[in-house]
Amino acid sequence: MATSLTAHISGGTQPSAPSFSGLRRICPNLDAAVSFSHRVYSSTRLVSSSRRSPRGVVAMAGSGKFFVGGNWKCNGTKDSIAKLISDLNAATLEADVDVVVSPPFVYIDQVKSSLTDRIEISGQNSWVGKGGAFTGEISVEQLKDLGCKWVILGHSERRHVIGEKNEFIGKKAAYALSEGLGVIACIGEKLEEREAGKTFDVCFEQLKAFADAVPSWDNVVVAYEPVWAIGTGKVASPQQAQEVHVAVRDWLKKNVSEEVASKTRIIYGGSVNGGNSAELAKEEDIDGFLVGGASLKGPEFATIVNSVTSKKVAA
Ligand code: PGA
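In this numbering scheme, every chain counts its residues from 1 along its sequence in written order. A pLDDT threshold of at least 70 governs which residues receive local features in this predicted model, and a stricter bar of 80 or more applies before side-chain atom pairs are shown or counted, although totals over entire chains, interfaces and linings include all residues. Excluding hydrogens and water, the side-chain figures rest on all heavy atoms present in the structure.

Per an unreviewed UniProt entry, the chain carries the name Triosephosphate isomerase and comes from Arabis alpina. For the chain, the Subunit (unreviewed entry) comment in UniProt is given as "Homodimer." UniProt positions are given in the numbering used here, feature names are shortened, and annotations may be inferred rather than shown by experiment.

Following this line, the structure appears as structure tokens:
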């Protein structure tokens, strides 16, 4: 497996050297159980000094600011959320990180009125168009009214539990962007898809649905969240995550533009915690995290936010 992957990589299938990302190293340890032999888009690259950003963060292939989102999902009570807010307000957060939390809709107002402005707020979903007679839905207009700057769309729980489809999710993204919300656009494969060697196919199809719908990528963060890693405690290895992130960035380069590939944050989600975030953050194409369970604990979430520092010492 590793041999064929290496052969694909060194085969250099890219038509020209990617000027946006300099040179970067390949993933050294491949999970033998995972079949990625059919397509690998990265060429062999090493970190080059030209990639160092002016703000001193190194080991980043993209040019966007580190981004960490906390997805609280359907958790919390007024009391537990008050405690979480007070822990977040007391935390010291590295300056060069965009930090966002995504509370359940019913607590957004509470969070907005008591959380530090240092942390922005996201909805966990939004309706596909303007609000109206759509029982049980939440509109983009309402999220904005409450002070949200972001919305998570295409999360695997909405895809696979609720049954949302690619095209519908793409339309939601387009509408949210048109109204000025940023979109955290989630993609990711199920375990059986990974085992069948379809990881890239699935991720690219989901990515294409966003690309086909959105007018601009300026306000989009891509979250790669392998379904098998979400809420399972089975985090992807840094190499597994990096491999997909490289492929996503190269897909953006080929199918959208070099500029979008460079500036779009590609964040990882799936069992990220305070103990594994630093190692993951060292990977060049991991531009941050989307965190579920561990974002419900203020100090641990702060540790994950501050894992940006492991990029700085990686040079
Ligand atoms: P998890 O969830 O960190 O609990 O695995 C991640 C997510 O669903 O965004």
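Continuing now.
Being near a molecule or strand, for a residue, means having at least one of its heavy atoms within 4 Å of it. Near the ligand lie 13 residues; those nearest to it are Lys73, His155, Glu225, Gly231 and Ser271. As used in this structure description, the phrase polar contact means that two N or O atoms lie within 3.5 Å; if the pair is within protein, one of them must be able to donate a hydrogen and the other to accept it, and residues adjacent in sequence are counted only when both atoms belong to side chains. Contact distances for the ligand include 2.8 Å between an oxygen atom and a backbone N or O atom of Gly292. Here the ligand loses 95% of its free accessible area of 280 Å² to cover by the protein chains. Gly falls in the polar group here, along with every residue not listed as nonpolar (Ala, Val, Leu, Ile, Met, Phe, Trp, Tyr, Cys, Pro) or charged (Asp, Glu, Lys, Arg). The residue inventory of the shell around the ligand, partitioned by class, reads 4 nonpolar, 7 polar and 2 charged. Computed by Shrake-Rupley with a 1.4 Å probe, the accessible areas treat only the displayed protein chains as cover when residues are assessed.

Here, a salt bridge means any side-chain nitrogen of Lys or Arg that lies within 4 Å of a carboxyl oxygen of Asp or Glu. This model, assessed by the stated rule, comprises 16 salt bridges. The salt bridge involving Arg158 is made with Glu164; its shortest N-O contact spans 2.7 Å. Judged by its relative accessible area of 8%, Glu164 falls in the buried class. With its nearest N and O atoms 2.8 Å apart, the salt bridge here joins Lys208 to Asp212. Taken together, the residues Lys208 and Asp212, both in helix H8 (residues 199-213) and 4 residues apart, mark about one turn of the helix. Think of it in three bands: with a 1.4 Å probe and only protein chains considered, a residue is buried below 20% of the maximum accessible area for its type, exposed above 50%, and partly exposed in between. By the criteria applied, helices consist of DSSP H or I runs no shorter than four residues and strands consist of E runs no shorter than two, each listed in order from the N terminus.

Okay, the confidence of the model for the chain next. Confidence along the chain averages 85 in pLDDT terms, with 81% of residues attaining 70 or more. pLDDT is a residue-level measure of predictor confidence that goes from 0 to 100. Any two residues whose heavy atoms approach within 4.5 Å at even a single point are treated as in contact. Note on residues 1-55: pLDDT is under 50 here. Beyond four places in sequence and across chains, it has 113 contacts.

Every axis corresponds to a line fitted to the C-alpha atoms, with the helix fit spanning only the stretch in contact, and the corresponding angles, defined between N-to-C directions, vary from 0 to 180 degrees. The contact between helix H2 (residues 78-90) and helix H12 (residues 298-305) brings their axes to 8 Å, and the two run at 40°. When the axis of H2 is compared with that of H12, the two are oblique. Here H2 and H12 pass one another in a crossing that is right-handed. Seen from H2, the contacting residues are Leu84, Asp87 and Leu88; seen from H12, they are Gly298, Pro299 and Phe301. Grouping the amino acids of the contact of H2 with H12 by side-chain chemistry returns 4 nonpolar, 1 polar and 1 charged. Convention used here: angles under 35 degrees read as roughly parallel, angles over 145 as roughly antiparallel, angles from 65 to 115 as roughly perpendicular, and any remaining angle as oblique. Handedness of a crossing follows from how the near helix is turned relative to the far one, being left-handed for an anticlockwise turn of less than a right angle and right-handed for a clockwise one.

In this description, an aromatic ring pair is defined by two values, namely the gap between the centres and the angle between the planes. Pairing of aromatic rings covers Phe, Tyr and Trp, the last through its six-membered ring, and needs centres within 6.5 Å; plane angles under 30 degrees mean stacked, over 60 mean edge-to-face, and all others mean tilted. Tallied over the entire structure, the rule returns 7 aromatic pairs. Each member of the aromatic cluster is reached from another via a ring pair, and the members are Trp127, Phe134 and Phe168.

A few words now on the packing of helix H6 (residues 166-178) against H8. Across the interface, H6 lies against H8 with an axial gap of 8 Å and an inter-helix angle of 40°. With respect to each other, H6 and H8 are oriented oblique. Taken as a pair, H6 and H8 cross one another with a handedness that is right-handed. Of the residues in H8, those touching H6 at Asn166, Ile169, Gly170, Lys171, Ala173 and Ala174 are Glu205, Gln206, Ala209, Phe210 and Ala213. In terms of residue class, the contact of H6 with H8 is built from 6 nonpolar, 3 polar and 2 charged.

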